[in-house]
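# Observations on the model geometry
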Amino acid sequence: MQIIHTVSDLRAALKNQSSIGFVPTMGNLHAGHIQLVEIAKQHAACVVVSIFVNPLQFSPTEDLANYPRTLVADCDKLAIAGCDIVFAPSVGEMYADFDGKNLNQSMTILPPPIANVLCGATRLSHFAGVATVVMKLFNMVQPSVAVFGKKDFQQLFIIKEMVRQFNLPIEIIAGETIREASGLALSSRNGYLSDAQRIQAAQLNSALRAIVHALKNGARDFLNLENNATEQLNNAGWEVDYISIRSSLTLQPAQSQDKHLVVLGAAKINNNQAGKTRLIDNIEEDI
Ligand code: PAF
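Below you will find a few notes about this structure. Model, not experiment: these values are computed from the prediction.

Our next topic: the overall build of the protein. The secondary structure content of the protein amounts to nine helices and nine strands. Computed over its C-alpha atoms, the radius of gyration of the protein comes to 19 Å, within 12% of the 19 Å expected for a compact globule of 287 residues. Oriented by its inertia axes, the alpha-carbon framework of the protein measures out at about 55 × 45 × 40 Å. The buried share of the protein, taken over its 287 residues, is 53%.

Attention now moves to the pattern of salt bridges. This structure, assessed with the given rule, holds 11 salt bridges. Between glutamate 239 and lysine 276 there is a salt bridge; the shortest N-O distance is 2.8 Å. Within this pair, whereas glutamate 239 is found in strand E7 (residues 239-247), its partner lysine 276 is found in strand E9 (residues 275-286), the two being separated by 37 residues in sequence. What makes glutamate 239 partly exposed here is its relative accessible area of 37%. Assessed through its relative accessible area of 46%, lysine 276 is described here as partly exposed. A single network of salt bridges, built from pairs that share partners, joins Lys150, Glu176 and Glu284.

Every residue near the ligand is listed here: Pro24, Thr25, Met26, Asn54, Gln57, Val130, Val133, Val134, Phe148 and Gln155. One nitrogen or oxygen atom from the side chain of glutamine 57 is found 2.6 Å from an oxygen atom belonging to the ligand. Elements that contribute at least two residues to the shell around the ligand include exactly strand E2 (20-25) and helix H6 (126-141). The element best represented in the shell around the ligand is H6, accounting for three residues. Among the residues forming the shell around the ligand, the class breakdown is six nonpolar, four polar and no charged.

Thresholds applied
- Residues numbered from 1 in each chain as written.
- Predicted model: local features only at pLDDT ≥ 70, side-chain atom pairs only at ≥ 80, totals over all residues.
- Heavy atoms only, no water.
- Helix = DSSP H or I, 4+ residues; strand = E, 2+ residues; numbered from the N terminus.
- Rg over C-alpha atoms; globule rule 2.2 N^0.38 Å.
- Buried < 20%, exposed > 50% of the residue type's maximum accessible area, 1.4 Å probe, protein only.
- Salt bridge = Lys/Arg side-chain N within 4 Å of Asp/Glu carboxyl O.
- Near = heavy atom within 4 Å.
- Polar contact = N/O pair within 3.5 Å; in protein donor to acceptor, adjacent residues only side chain to side chain.
- Nonpolar A, V, L, I, M, F, W, Y, C, P; charged D, E, K, R; others polar.

What follows is the structure in structure tokens.
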């Protein structure tokens, strides 16, 4: 496995590859990421994993500085998983006009309006930052296949839309969310939680599962289901950002005739040491 830090070295290493599978990450890898690598291996001769904590997708109040950076451990895991190339660029390599303080990326991808709801309602330019860095990474790696986790359902939706609207010759594949036995979705941000908080954190998934259960039993009062779950979580000490039942095809709020649904949630759990940790989860369900 090669570990590469510059775009020119990456291009040289990939020059003669017949097919490239790509998994973009921000590092601090867990079993969810490794599963994405395994999927990429099934679709391409050469698998590239990028590790880059992208400043453009963090707002000034978010956890950019504290985001866990664990390159050595990540590379060990990727070597075992059979990754061929790790691409770990510096901020200056990704953003050519970076002056040590400002990224100076004056051209960005403007995502569709769906980027302004759910996670985008509170994380204002988050998806513009994600789409811009993913476009840059796609241009650097030039994969035929790229694999994204379903846990970030809205991100996956926006990336698919970007690929479609910009005619990128890349197949986007979605990897299932990997969970702890409690139901808690694996996430790098779980690392901020104590053991006790990890147990409590499974309540987010339980709330979503309860909604799915009700939907399967014929409940169609979406607003009521969302409000009940929000109230329950808030009463249990969470600070709910949103609980939302949507069409999994369009990500628009669900209509009673919709059959392909996704129940999404984002909420902050109180974490005494590190303030509040924001977790997200979703369950896609055809009813
Ligand atoms: O999902 C992530 O880890 C990031 O948003 C991504 C896609 C690597 C872009 O920075």
